[in-house]
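The primary structure of each chain is shown beneath.
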Amino acid sequence: MTETATGTAAASAASGARIQLENLTKRYPGSPSPAVDDVSLEIKPGETVILVGPSGCGKSTTLRMINRLIEPTSGRIRIDEEDVTDIDPVGLRRKIGYAIQASGLFPHMTVAENIALVPKMVGWSKSRVKDRVEEMLDLVGLDPREFHGRYPRQLSGGQQQRVGVARALAADPPVLLMDEPFGAVDPITRDHLQDELIRLQRELHKTIVFVTHDFDEAIKLGDRIAVLRERSHIAQFDTPEAILTNPADDFVSGFVGAGAALKRLNLTRVRDVGIADFPTVSVDDPIESIFNKLREGPYNELLMLDRRNRPYKWLRRGDLMRAKGSPARAGQLVHDTVTRDATLHDALEAVLIDSSGRVAVTGRRGEFIGVVDMETLMNSVQEMLQADRLAAMEHEHDLEELRHHRTETELEGGADG
Amino acid sequence: MSFWDYLAGHQQQLLTDAFQQASAVFQCMVIATLLGIAIALLTYRSAWGGNLAITTTATFLTVPSLALIGLLIPLVGLGVPPTVIALTLYGLLPVVRNAIVGLRGVDPSLVDAAKGIGMSRVAQLFRVELPLAWPPILTGIRVATQMLMGIAAIAAYASGPGLGNEIFRGIASLGSANAINQVLAGTIGIVILALLFDAAYVLLGRLTIPRGIRD
Ligand SMILES: Nc1ncnc2c1ncn2[C@@H]1O[C@H](COP(=O)(O)OP(=O)(O)O)[C@@H](O)[C@H]1O
Ligand SMILES: [Mg+2]
């Protein structure tokens, strides 16, 4: 069972492979100190690991040693137990997806030709390559019919980056290396691309090694984060939660920056906290029934929905009086809504901006689902931080307790329900 | 005898000369292009290698064409050989220089991407670097061809082929009835050939430069 399956990891349509870096060192010629100094890292199959650290600390060098774009000076690289340090690098790279900043798309080839490159190189049949190109475009959210024949310069930055990811994944590699892939796009597009990557990874379970200097990006995308200091020394390698709540040293807390608690908000989604009901009326409701609802209920506020059930206006008790009974003029327009997939960070921002002190949560087509208010947010953040602190403390005693427990059950003869 | 009468009377001779000139320039350009790109591929990655290649090929240009042909005659004799050698040497510089500049100008992140997705060195060169460097290389070829058109005329001095014969014959018999007509016919013929070649290059560019990098 523990026999190693070497070499053929990529043969079956593949989710992730294990990557082991052992004492990797890179010394560039003519440079007195190594750019990467004795790095060891184990990345589990299907895991997204982020290498994050200040500019020039050796992130790219570390990443590029994995597909041997840079030859290590010493140390070993293993992928699924196979030592790839000395195998043919060209063959190795065809089994490792590679996506870089500015997409790296070849401008003289169409989108389809770019995506087809690796599958063709590894010898897929024409028809299989053709199908795969359509499939990949679909996967990254681009309409194959529309984008197939376009040239990279006919795409926006975000679209280019999507095609870059599609090309990297085209031959179904178990491993995907990404070097600041979203570094050159505007913040809004970057946010979308990050969400897309999260969605992709939920479907594909590749092993992803992702380089960034943006700690917020690291928190958002990483299953685990390796915070690197100069010469790629690992300052801390742990889950985002653990790093936020328990930074290993001053360097890490400096890098995490102020407001770790706020950043923690990026780790939880609206669907994870209580979405509360809220009394609603429709724009078509007769004015008396709106009055009645306001008078009867425990709330002195209502949410008015438009004809398609989307949040429209907040109505307070006095509003209708002041507007002389005309609902059209009464109330405050709803500024911002969030979906269930939004982060608590987004939700908090919306709550702070909206005069009502709460934000409406909407479904896929914008229809009203419920609300999240300030109090709920505060409570869940506090619970979250509390839980983190407990988890961190437990973690410290974990090994000891485990050992304890084991000896106890052994003494009792393993009798356990 | 008017110029037109002269043209009508010597039509056959002129067409043969023009064809031979075009053919000599074309063939020498093919050799210069292949040789030039090969030299560029061998040297563009090293700073001094590339500069050496450019300087060496540039040196040929500083030698007056008549002198170069004169120097070649004792070595390779009269006729086609000195013509081909001289034209090829002169044609090299624009090709070598533009190819080196073009190859060096390819975005390094694209070469990195090509390598990173698993292209072999040869594939990187022929599928990514050369296609991207092709527009400047083609410009170099075009410039070289224009230049060779004029230089080829000098080759007649070494009994080479082409419209140069017409010009030299005219110069040799200045004062005679047809002297000016001969010089004029040769010169205009060369200009027309140069324009035809240029049109052919525009067409070649349309056909060979991928749409994604055409401007
Ligand atoms: N090809 C190279 N030759 C020499 N030094 C290099 C080379 N590439 C990177 N370096 C140096 O190695 C260090 C780490 O670089 P890099 O891995 O690119 O850092 P990062 O990606 O974290 O910004 C830097 O000091 C950089 O100057
Ligand atoms: Mg970098």
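What counts and what doesn't
- Residues numbered from 1 in each chain as written.
- Chains lettered and ligands numbered in written order.
- Predicted model: local features only at pLDDT ≥ 70, side-chain atom pairs only at ≥ 80, totals over all residues.
- Heavy atoms only, no water.
- Helix = DSSP H or I, 4+ residues; strand = E, 2+ residues; numbered from the N terminus.
- Buried < 20%, exposed > 50% of the residue type's maximum accessible area, 1.4 Å probe, protein only.
- Contact = heavy atoms within 4.5 Å.
- pLDDT = per-residue confidence, 0-100.
- Pairing = 2+ DSSP bridges.
- Axes fitted to C-alpha atoms, helices over the stretch in contact; angles between N-to-C directions.
- Near = heavy atom within 4 Å.
- Polar contact = N/O pair within 3.5 Å; in protein donor to acceptor, adjacent residues only side chain to side chain.
- Areas by Shrake-Rupley, 256 points an atom, 1.4 Å probe, with all protein chains shown as cover.
- Nonpolar A, V, L, I, M, F, W, Y, C, P; charged D, E, K, R; others polar.
- Parallel < 35°, antiparallel > 145°, perpendicular 65-115°, else oblique.
- Left-handed = near helix turned anticlockwise from the far one by under 90°.
- Expected span 1.5 Å × (residues − 1).
- Arc of directions from axis to C-beta.
- Core = buried A, V, L, I, M, F, W, Y, C linked by side-chain atoms within 4.5 Å.
- Buried area = accessible area lost by both parts, 1.4 Å probe.
- Salt bridge = Lys/Arg side-chain N within 4 Å of Asp/Glu carboxyl O.

Novice: Help me understand the overall build of chain A, please; the structure alone is not making it clear to me.
Specialist: When its secondary structure is counted, chain A shows 15 helices and 17 strands. Expressed as lengths along the three principal axes of its C-alpha atoms, the size of chain A is roughly 80 × 65 × 50 Å. When burial is assessed residue by residue, chain A has 46% of its 417 residues classed as buried. Within chain A, counting contacts between residues at least 6 apart in sequence, those at least 24 apart form 61% of the total.

Novice: How should I be thinking about the confidence of the model for chain B in this particular structure?
Specialist: Looking at chain B, the pLDDT average stands at 90 and 100% of residues meet or exceed 70. Per the prediction output, this complex has pTM 0.76; the corresponding ipTM is 0.86.

Novice: Explain the sheet that holds strand S1 (residues 19–26) of chain A to me, please; I cannot follow it from the model alone.
Specialist: Backbone hydrogen bonds are what pair the strands of a sheet, in a parallel or an antiparallel way. Residues and elements named next belong to chain A. What the four strands build is an open sheet, ordered S2-S1-S4-S5; its pairing is antiparallel. Edge strands, defined here as strands with exactly one partner in the open sheet, are strand S2 (36–43) and strand S5 (82–83). Across five bridges, the pairing between S1 and strand S4 (residues 74–79) is antiparallel. Bridge pairing links Ile19 to Ile79 in S4. The strands touched by helix H1 (residues 59–66) within the sheet are S1, S2 and S4, with S1 carrying the most contacts at an inclination of about 125 degrees.

Novice: So what exactly am I meant to see when it comes to the site of ligand 1 here?
Specialist: All names here are of chain A. Near ligand 1 the following residues occur: Tyr28, Ala35, Pro54, Ser55, Gly56, Cys57, Gly58, Lys59, Ser60 and Thr61. Between an oxygen atom of ligand 1 and a main-chain N or O atom of Gly56, the distance comes to 2.7 Å. Interatomic distance of 3.0 Å between a backbone N/O atom of Gly58 and an oxygen atom of ligand 1. Surface burial for ligand 1 is 53%, taken as the share of its 560 Å² of free accessible area covered by protein chains. In the shell around ligand 1, the residues fall into four nonpolar, five polar and one charged.

Novice: What am I meant to see in the packing of helix H2 (residues 11–43) of chain B against helix H5 (residues 80–104) of chain B here?
Specialist: Helix packing for two helices is described by the angle between their axes and how far apart those axes are. Residue and element names in this part refer to chain B. Packing of H2 against H5 brings their axes to within 7 Å, and their N-to-C directions diverge by 40 degrees. It follows from the interaxial angle that H2 and H5 lie oblique. Two packed elements cross with a definite hand, and for H2 against H5 that hand is right-handed. Among the residues making up the contact of H2 with H5, the classes are represented as 18 nonpolar, five polar and one charged.

Novice: Looking at this model, I keep getting lost on helix H4 (residues 126–139) of chain A. Mind explaining?
Specialist: An α-helix turns once per 3.6 residues; consequently, residues spaced three or four apart project the same way. Residues and elements named next belong to chain A. Across its 14 residues, H4 extends 20 Å between first and last C-alpha, which sits within 8% of the 20 Å expected from 1.5 Å per residue. All of the buried residues along H4 are Val129, Arg132, Val133, Met136, Leu137 and Leu139. One side of H4 carries all its buried residues, which in axial view fall inside an arc of 155 degrees. Exposed and facing more than 90 degrees away from the buried side of H4 are Lys130, Asp131 and Asp138.

Novice: Would you take a moment to explain the nonpolar core for this structure?
Specialist: Here is a general trend for soluble globular proteins: nonpolar side chains tend to be buried in one another's company. Of all hydrophobic cores here, the largest spans 51 residues; its most connected members are B:Met29, B:Ile100, B:Ile137, B:Ile141, B:Leu148 and B:Met149. Breaking this core down by element, the ones donating at least two residues are helix H1 (3–9), H2, helix H3 (47–62), helix H4 (65–76), H5, helix H7 (121–154) and helix H9 (179–208) of chain B. Here the element with the most residues in this core is H7(B); it accounts for 13 residues. One finds A:Ala116, A:Met136, A:Ala170 and A:Leu193 within the second-largest nonpolar core, a separate group that totals 45 residues.

Novice: Honestly, the interface of chain B and chain A in this entry has me stumped. Any pointers?
Specialist: The accessible area lost on association of the parts is a frequent measure of interface size. Contacts between the two partners involve 20 residues from chain B, matched on the other side by 21 residues from chain A. Summed over both sides, the interface between chain B and chain A buries roughly 1900 Å², with carbon and sulfur atoms accounting for 62% of that surface. Its largest share of buried area at the contact with chain A, chain B owes to B:Asp112, B:Ile117 and B:Gly212, together 29% of the area lost on that side. One salt bridge connects A:Arg64 with B:Asp112, and the closest N-O pair in it is separated by 2.5 Å. Applying the counting rule to chain B against chain A returns seven residue pairs in polar contact (both at pLDDT 80 or more).

Novice: Looking at this structure, how should I read the pairing of strand S10 (residues 234–238) of chain A?
Specialist: Along any regular strand, the residues point their side chains to alternate faces of the sheet. Residue and element names in this part refer to chain A. In this sheet, S10 lies alongside strand S9 (residues 224–228) in antiparallel orientation, the contact comprising four bridges. Its bridge partner being in S10, Ala226 is matched across the sheet by Phe237. Taken together, S9 and the strand that follows it, S10, pair antiparallel across an intervening segment of five residues, in which Arg231 is found at a positive phi of about 60 degrees.

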